[in-house]
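# Chain and residue survey
The primary structure of each chain is shown beneath.
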Amino acid sequence: MTSIRYPGAATSEGAQELSARGQMTAGELLRESGSVLRMSEAAAAEQADRAPGDQETMIINMGPQHPSTHGVLRLMLELEGETVLRSKPIVGYLHTGMEKTGEDLTYLQGPTNVTRMDYAAPLFNELVFSLATEALLQVEIPPRATWIRMLMTELNRIASHFLFLATNGLDLGAISMILYGWRERDLVLQFFEKTTGLRMNHNYIRPGGVAADLPDGWRDDVLRILDALPARLQEYDELMTGQPIWRARTQGVGVLTAEEAIALGATGPILRASGVPWDLRRDIPYLAYEEVDFNVVVGTYGDVFDRYAIRLNEIRESIGLVRQILDRIPRGDYRVQNKKVTPPPRARIDESMEALIHHFKIFTEGFKVPEGEVYVAVESPRGELGCYLVSDGSAKPYRMHIRGPSFVNLQTLPHMLRGGLIADAVAVISSVDPIMGEVDR
Amino acid sequence: MSADDQAVPEEQAVPQEEERRHGAPLTRQLGQVVLHPSREGYRDLVEQLRRDGYTFCLDVTAADYLTHPGRPGLPSTVTPERFEVVAILLSFEGKERLRIRVQVPDGDPVVASLFHLHPGTEAMEREVYDMYGIVFDGHPDLTRILMPEDWEGHPLRKDYAVGRIPVQFKGAPGDR
Amino acid sequence: MGFGKGLEGLQHNFLTGNLESVVKWARRNSMWPATFGLACCAIEMMATGASHYDLSRFGMEVFRASPRQADLMIVAGRVSQKMAPVLRQVYDQMMEPKWVISMGVCASTGGMFNNYALVQGVDQVVPVDVYAPGCPPNPQTLLHSILTLHELVRTGEIVSRRQGGGGAEVHVAQQPQGDQRVTVVRPPVHVGTPR
Ligand code: SF4
């Protein structure tokens, strides 16, 4: 789509767009790549001058409504023939003002809000918000709640990575993969629907524990998922991993070295693909990840293929994790019995007036959280998902900020696309696996 | 990690009991380490910390303390201002995070950009600029990132209304 | 068979009907949606198109990337102030006749995000035929709204769909000049009410 000049359109993103070749400055070049390579400003200025004239290049727009941009990412690319010279992602088309809305909701309502950020992995958003709130409250949640959280988030990781496999396959021409990916994802979502009541945006993990205990027969449901997956993963391995076309399209494309990934702030599979073994679950453990056994999957070349392979194998690791969780999940309460935080059980509301008032107060006024500020992070399927929470002692957060891994990871795009082919751009975008809801919040 | 003593010049006398790192007051918030450099010393502090192993900048964000000036966890030697820029760094070797809080006054909301130290802060600083109107000195491309280009105001400031459309239902209470 | 008047020699079967219902039947049974996935709802829209729910049962599996080839725009997700002009432009690029489904509470009313950033209801930007409630509407809900729309197409009028300054009219009849903004007056439409 060409640039938006709809008559009467209220906005134009002029200054956010890629500037014309003639106006290109050293600063822009630095922004794109120079700075990662520690290029000096003088060298950048020289390069900007040496760039080809306006005649030979073409600026095209991809998005914001383009099927391979995973939502509403808009990418401006300057091409010379088929080679990408410059590129710039333009985001904000899904800006929902969630951080502002979050300041207006109580801590108990907070997960409803944040869960809609990374909608491919909603439980992680709830988890990080709840962990931050609990850190401020300084409450310990019961072990069963911890393990339920681990179970649910690992299953969510599986679903999210299947979503990646599906869209990545679609983008690269392995069309049947989208059908398979969605089929497996639906397996997990059906379990989620049974447990939480919704297929997405669950609002299941809440400050103080989880919303409800696992439903009857949950163990069989989970086992059914786990038994079905390994054989199917094997099929996808055969369908894609070893296939020459797939390899030709992904290997050596969109390479990011470890140094560049660190400088650009990339986390998650992108960082691990370039050979940095960093996984918060192992390195700064939260929940009960110290007590379980799993491997951190690391790549070597930092290309699109590595990122694909990492996610595929992380599904296998997560399956192993869920099996361990099934063995070790303790009995007990699924939420903390702290009168301040937890609403009274349903049965007591019918009997006691006090419980009814208490229940009403918790859901209308919320509970007060002691003054303080905290940063908590978890390893979401896309990288470090952090929550910075400031409390002023009232029942609503004073400031709620989510560090969305996709937002930061997206900055690696101009660097990876530079000098590559336009056809590879699709592969690279899809390998970053951005979820725009989290980018724009 | 040992704090080496090439302290950033500071006007105030250092109280004896206060802990410092690279000259910046250090506090602990719920077990998390927070540094409070001056606005001038901010960039140098990040640079020194990078040499100390904090090679990864996780996040740059801000908070507006307009309606809650007595904020949590500020040491007595630091003068509170309206805005606070918060940067979060990570050390791979130490496996720990570190938070930096810089006070930025309302009248002159300018702070040094970390872009040349951590290029990954590019988008985050643009977001802070967009949402709070804080200017990052030395940023190569400081434009709005989330809001449309011609948007007025900075939405996350506390004096910017949520923009809620009121419910027309007559029985609804005024506020929400 | 009992046909006279020169039809006896026909070698094949045939149907009779008036042209209008044949056209409506054809439109209804081969409606191509444009991809306009925005947020979480888009994931459910894709799930509806995938193997388990299988939109192709209704002749709708061909999601068109180009709005010029599409009949139906499913606005799946929240529409931000920044996206609204884009949405409107995509809508204008679609050929008549065209329909819009507003999927999810965000697209319909702004949903739980009543704030500065979101357009409080996509019907302020384009005319909407069917609203699908839910956050996200699960695939069954979307299927139901699509079937509702099919019914509207089958029973509705064949031409001059949008009387009284509906979105498309604004574009065709009174092209706004310069900075002048489009004011969309929308005829009231409710789910399941054939016009
Ligand atoms: S209605 Fe719900 S699921 Fe749909 S876009 Fe809005 S928040 Fe997401």
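Attention in this report is confined to the structure presented alongside it. Please read these numbers as outputs of a predicted model, since none were measured by experiment.

Bringing the site of the ligand into the picture now. In the region of the ligand, 13 residues are neighbours, and Asn 201 of chain A together with Cys 40, Cys 41, Cys 106 and Cys 135 of chain C sit closest. In this structure the site holding the ligand corresponds to the second largest cavity. Contributing elements (two or more residues each) for the shell around the ligand: helix H2 (40–49) and helix H4 (104–109) of chain C. Sort the elements by how many residues they give to the shell around the ligand and H4 of chain C lands first, with three residues. Of the residues contributing to the shell around the ligand, the split by class is seven nonpolar, four polar and two charged.

Attention shifts here to the packing of aromatic side chains. For any pair of aromatic rings, the description consists of the separation of the ring centres together with the inter-plane angle of the planes. Counted by the stated rule, this structure contains 13 aromatic pairs over all chains. Note on Tyr 107 of chain A and Phe 367 of chain A: the rings are 6.3 Å apart at their centroids and 20° apart in plane angle, and the pair reads as stacked. Linking Tyr 107 of chain A in the loop between helix H3 (98–102) and helix H4 (110–114) with Phe 367 of chain A in the loop between helix H15 (353–364) and strand E6 (372–380), this pair joins segments that are 260 residues apart in sequence. Ring centres of Tyr 286 of chain A and Tyr 289 of chain A lie 5.2 Å apart, and the angle between their planes is 65°; on these two criteria the pair is classed as edge-to-face. Just as Tyr 286 of chain A is buried, Tyr 289 of chain A falls in that class too. The structure contains a cluster of three or more aromatic residues connected by ring pairs, namely Phe 162, Tyr 180 and Tyr 236 of chain A. Above the plane of the ring of Phe 164 of chain A lies Arg 311 of chain A, whose end atom (NZ or CZ) is 4.2 Å from the centre. The lysine or arginine in question, Lys 98 of chain C, covers the ring of Tyr 91 of chain C, its NZ or CZ lying 4.2 Å from the ring centre.

Here we come to the pattern of salt bridges. Residue and element names in this part refer to chain A. What the rule picks out here adds up to 42 salt bridges over all chains. Salt-bridge contacts for Glu 134 lead to Arg 149; the nearest nitrogen and oxygen are separated by 2.7 Å. Here Arg 149 lies in helix H6 (residues 143–171) and Glu 134 lies in helix H5 (residues 122–137), a separation of 15 residues in the sequence. Put simply, Asp 227 and Arg 323 hold a salt bridge, and the shortest N to O gap is 3.0 Å. One end of the pair, Asp 227, is in helix H8 (residues 218–241); the other, Arg 323, is in helix H13 (residues 304–328), and 96 residues separate them in sequence. Each member of the salt-bridge network shares a partner with another, and the members are Glu 154, Arg 157, Arg 272, Asp 279, Arg 281, Glu 314 and Glu 379.

In this section: the environment of Ala 76 of chain C. Residue and element names in this part refer to chain C. In this structure, Ala 76 sits in strand E2 (residues 72–76). For the pair Ala 76 and Met 45, spaced 31 residues apart in the sequence, the C-alpha separation amounts to 7.1 Å. The residues contacting Ala 76, other than those within four sequence positions of it, are Phe 36, Gly 37, Leu 38, Ala 39, Cys 41, Ala 42, Met 45 and Met 103.

Residues and elements named next belong to chain A. Strand order in the open sheet formed by three strands is E1-E2-E3, and the pairing between neighbours is antiparallel. Sheet topology places strand E1 (58–62) and strand E3 (83–90) at the edges, where each strand pairs with a single neighbour. Strand-to-strand twist across the sheet, computed as the mean angle between neighbouring axes with direction ignored, equals 20°. Sheet analysis places strand E2 (residues 74–80) next to E3, joined by seven bridges and oriented antiparallel. In the strand pairing of E3, Leu 79 is matched with Val 84.

If you walk through the whole model with that rule in mind, you get ten cavities of 30 Å³ or more. For the second largest cavity, the calculated volume is near 60 Å³. Lining the second largest cavity are Arg 116 and Asn 201 of chain A together with Ala 39, Cys 40, Cys 41, Gly 77, Arg 78, Cys 106, Cys 135 and Pro 136 of chain C. Residue classes in the lining of the second largest cavity are distributed as six nonpolar, two polar and two charged.

Glancing now at the side chain of Arg 86 of chain A. Examined against the element boundaries, Arg 86 of chain A turns out to sit in strand E3. Side-chain polar atoms of Arg 86 of chain A contact the side chain of Glu 78 of chain A, separated by 2.5 Å.

Attention shifts here to H15 of chain A. All names here are of chain A. Between its first and last C-alpha atoms H15 spans 16 Å; for twelve residues at 1.5 Å apiece the expected length is 16 Å, and the two agree. Among all positions in H15, only Ala 355, His 359 and Ile 362 are buried. One side of H15 carries all its buried residues, which in axial view fall inside an arc of 70°. In H15, those exposed residues whose orientation departs by more than 90 degrees from the buried face are Met 353, Glu 354 and Phe 360. Considering only its buried residues, H15 is in contact with helix H14 (346–351). For H15, the N-terminal capping position is held by Ser 352, with its side-chain oxygen 3.3 Å away from the main-chain nitrogen of Glu 354.

If you look at the interface, chain B gives twelve residues, while chain C gives six residues. For the interface between chain B and chain C, the tally reads zero salt bridges. Here the residues of the side of chain B that touches chain C sort into ten nonpolar, one polar and one charged.

Moving on to the sheet that holds strand E1 (residues 19–21) of chain B. Residue and element names in this part refer to chain B. Within the open sheet, the six strands sit side by side as E1-E2-E3-E6-E5-E4. Their pairing is mixed. This sheet does not close on itself; its edge strands, each paired only once, are E1 and strand E4 (56–64). Averaged over neighbouring strand pairs, the angle between their axes works out to 35° when direction is ignored. Relative to strand E6 (residues 96–104), strand E5 (residues 83–91) is paired through nine bridges, and the arrangement is antiparallel. Directly across from Val 86, in E6, lies its bridge partner Arg 101.

A few words now on the interface of chain B and chain A. If you look at the interface, chain B gives 63 residues, while chain A gives 60 residues. When the area that chain B buries against chain A is broken down by residue, the three leading residues are Leu 30, Arg 97 and Leu 146 of chain B, summing to 13%. Scanning the region where chain B abuts chain A turns up six salt bridges. Put simply, Glu 373 of chain A and Arg 99 of chain B hold a salt bridge, and the shortest N to O gap is 3.0 Å. Among the secondary structure elements, those contributing two or more residues to the side of chain B that touches chain A are strand E3 (32–35), E4, E5, E6 and helix H2 (122–132) of chain B. Tallying contributions element by element places E4 of chain B first for the side of chain B that touches chain A, with eight residues. For the side of chain B that touches chain A, the per-class residue count stands at 31 nonpolar, 13 polar and 19 charged.

The rules behind these values
- Residues numbered from 1 in each chain as written.
- Chains lettered and ligands numbered in written order.
- Predicted model: local features only at pLDDT ≥ 70, side-chain atom pairs only at ≥ 80, totals over all residues.
- Heavy atoms only, no water.
- Near = heavy atom within 4 Å.
- 1 Å grid on protein atoms, 1.4 Å probe; cavity = no way out; pocket = protein on both sides within 12 Å on 5 of 7 lines; lining within 4 Å.
- Sits in = over half its atoms within 2 Å of the grid points.
- Helix = DSSP H or I, 4+ residues; strand = E, 2+ residues; numbered from the N terminus.
- Nonpolar A, V, L, I, M, F, W, Y, C, P; charged D, E, K, R; others polar.
- Phe/Tyr/Trp six-rings, centres within 6.5 Å; stacked < 30°, edge-to-face > 60°.
- Buried < 20%, exposed > 50% of the residue type's maximum accessible area, 1.4 Å probe, protein only.
- Lys NZ or Arg CZ within 6 Å of the ring centre and 35° of its normal.
- Salt bridge = Lys/Arg side-chain N within 4 Å of Asp/Glu carboxyl O.
- Contact = heavy atoms within 4.5 Å.
- Pairing = 2+ DSSP bridges.
- Axes fitted to C-alpha atoms, helices over the stretch in contact; angles between N-to-C directions.
- Points joined across faces, edges and corners; volume = space filled by probe spheres on them.
- Polar contact = N/O pair within 3.5 Å; in protein donor to acceptor, adjacent residues only side chain to side chain.
- Expected span 1.5 Å × (residues − 1).
- Arc of directions from axis to C-beta.
- Buried area = accessible area lost by both parts, 1.4 Å probe.

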